[in-house]
Every structure is written in C-alpha cells, then in structure tokens.
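Secondary and tertiary structure notes
Listed below are the residues making up each chain.
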Amino acid sequence: MRLPVMVLTLGVLCVQAAHAHGTPGQSPVTSPMTAVRDPWPTAAVLTRLLTLPAAKADGLQMAKDLRLNSLQVSELRRLAASESAYGRAGRRVIGREEAARLNHNLLHMNQEKDRKVRVALGERYPAFRAWIREWWQTQVVQARS
C-alpha cells in the first residue's frame, strides 16, 4: 500500500509545483524534441548537485562557474541536506492525510529554500538559475538517450 501512496504523493507534488511556482512570462527550457520545465525550486537540484556522487563534479563546476565563495557553497550544502530529508520523508507516507500534509510542508520548504538561496547568492542568483536550467536540460536529454 505504501508504493501507490508514494506515487500519488509524487504526482500531486509535481502538479502543485507546476501551479505554485510557475512564473508568468518565463518560458521553459526547450530542446528540439521536447520542452523541459525549469526544475527550480521544486526538484531536489541541490541534493543532486551537492550530495549525490554521480553529480558531485557538476556541483563543483557550478560553484566554479558562478564563482561562489565557501560560505555560499556551505549554505547550498545545508539546504541540500534539507531537500534530502524531505525526500526521505516521502518514503514513509501512509494515507492521503499524511500525503497532503507532506505536500503542504514541501511547498513551504521549496519557498523557503528559494528565499534562502536568493539571500545567499545575492546578485549571482539569476546566473544560478540560468546554470541550473541549462544543467537540468542536459540531464534530461542524457536520460532520454
């Protein structure tokens, strides 16, 4: 019974994220084959870039490309740990009420994560967003190949 609830939770998260974080006038990143939505802040981008072994080199490249200082990287790593904790919480959800509560908490966490990244990165935030969109597009294209 846990798997269907988790799948339902993830599906609801995706729909909520699309509605809650869509920015009027912002086009999704596109490829010739398909459109790829901007993953920020709903996807666990920081977790992928800063904690998962497969993308750690990409995380280092992001920090280098954006010329982030050690305090900025530390804050992004701290926020990645929070993303990761919410991801683990989704695996333990049982029932619709619990899923709805988690979805609400995730929405709030994503809003706070975005606010904190804006503060931490300051004038580098727009470059961070552009870097993330480009990196995500590459990841999606590679996954589809």
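Note that this is a predicted model, so its numbers are computed, not measured.

Bringing the overall build of the protein chain into the picture now. Helices and strands together make up the secondary structure of the protein chain, namely 6 helices and 2 strands. Secondary structure elements in the protein chain, listed N-terminal to C-terminal, are α-β-β-α-α-α-α-α. Taken over 145 residues, the protein chain has a buried fraction of 36%. Looking at the protein chain alone, contacts between residues at least 24 apart form 73% of all its contacts between residues at least 6 apart. Surface summary for the protein chain: the accessible area is close to 9100 Å², and the carbon and sulfur share equals 58%.

If you look at soluble globular proteins, the nonpolar side chains tend to sit buried side by side. Counting residues in each nonpolar core, the largest one holds 24 residues, and the members touching the most others are Leu46, Met62, Val117 and Phe128. Sorting elements by how many residues they give to this core places helix H6 (residues 125–144) first, with 7 residues. Beyond its immediate sequence surroundings of up to four residues, Leu46 is in contact with Trp40, Thr51, Leu76, Leu79, Ala80, Glu83, Lys113, Val117 and Phe128. With 5 residues, the next largest nonpolar core counts Val93, Leu102, Leu106 and Met109 among its residues.

This model, assessed by the stated rule, comprises 6 salt bridges. The residue Glu83 makes a salt bridge to Lys113 at a minimum N-O spacing of 2.6 Å. Within this pair, whereas Glu83 is found in helix H4 (residues 70–90), its partner Lys113 is found in helix H5 (residues 96–121), the two being separated by 30 residues in sequence. Among the ionic pairs, Asp114 bridges to Arg118, the shortest N-O distance being 3.0 Å.

Looking at helix H3 (residues 56–65), one finds that the buried residues are Gly59, Met62 and Ala63. Here the buried residues of H3 occupy an arc of 95 degrees about the axis, which is enough to place them on one side. Seen from the buried face of H3, the exposed residues on the opposite side, beyond 90 degrees, are Ala57, Leu60 and Lys64. Arg67 lies just past H3 and shows a positive phi near 55 degrees.

Any aromatic ring pair is given by two values, namely how distant the centres are and how the planes are angled relative to each other. Taken as a whole and assessed by the stated rule, the structure comprises 4 aromatic pairs. With centroids separated by 5.1 Å and ring planes inclined at 90 degrees, the aromatic side chains of Trp40 and Phe128 adopt a geometry described as edge-to-face. One end of the pair, Trp40, is in the loop between strand E2 (35–36) and helix H2 (45–50); the other, Phe128, is in helix H6, with 88 residues separating them in the sequence. Each member of the pair Trp40 and Phe128 is classed as buried. Ring geometry for Trp131 and Trp135: centres 6.4 Å apart, planes at 15 degrees, overall stacked. Of this pair, Trp131 and Trp135 both sit in helix H6, separated by 4 residues, roughly a single helical turn. When sorted by exposure, Trp131 lands in the same class as Trp135, which is buried. In textbook terms, an aromatic cluster arises when at least three aromatic residues are bridged by ring pairs, as seen for Trp40, Tyr125 and Phe128.

Okay, unusual backbone geometry next. Residue Trp40 is joined to Pro41 through a cis peptide bond whose omega torsion reads 0 degrees. One can find Pro41 in the loop between E2 and H2.

Rules of the game
Residues numbered from 1 in each chain as written. Predicted model: local features only at pLDDT ≥ 70, side-chain atom pairs only at ≥ 80, totals over all residues. Heavy atoms only, no water. Helix = DSSP H or I, 4+ residues; strand = E, 2+ residues; numbered from the N terminus. Buried < 20%, exposed > 50% of the residue type's maximum accessible area, 1.4 Å probe, protein only. Contact = heavy atoms within 4.5 Å. Areas by Shrake-Rupley, 256 points an atom, 1.4 Å probe, with all protein chains shown as cover. Core = buried A, V, L, I, M, F, W, Y, C linked by side-chain atoms within 4.5 Å. Salt bridge = Lys/Arg side-chain N within 4 Å of Asp/Glu carboxyl O. Arc of directions from axis to C-beta. Phe/Tyr/Trp six-rings, centres within 6.5 Å; stacked < 30°, edge-to-face > 60°.

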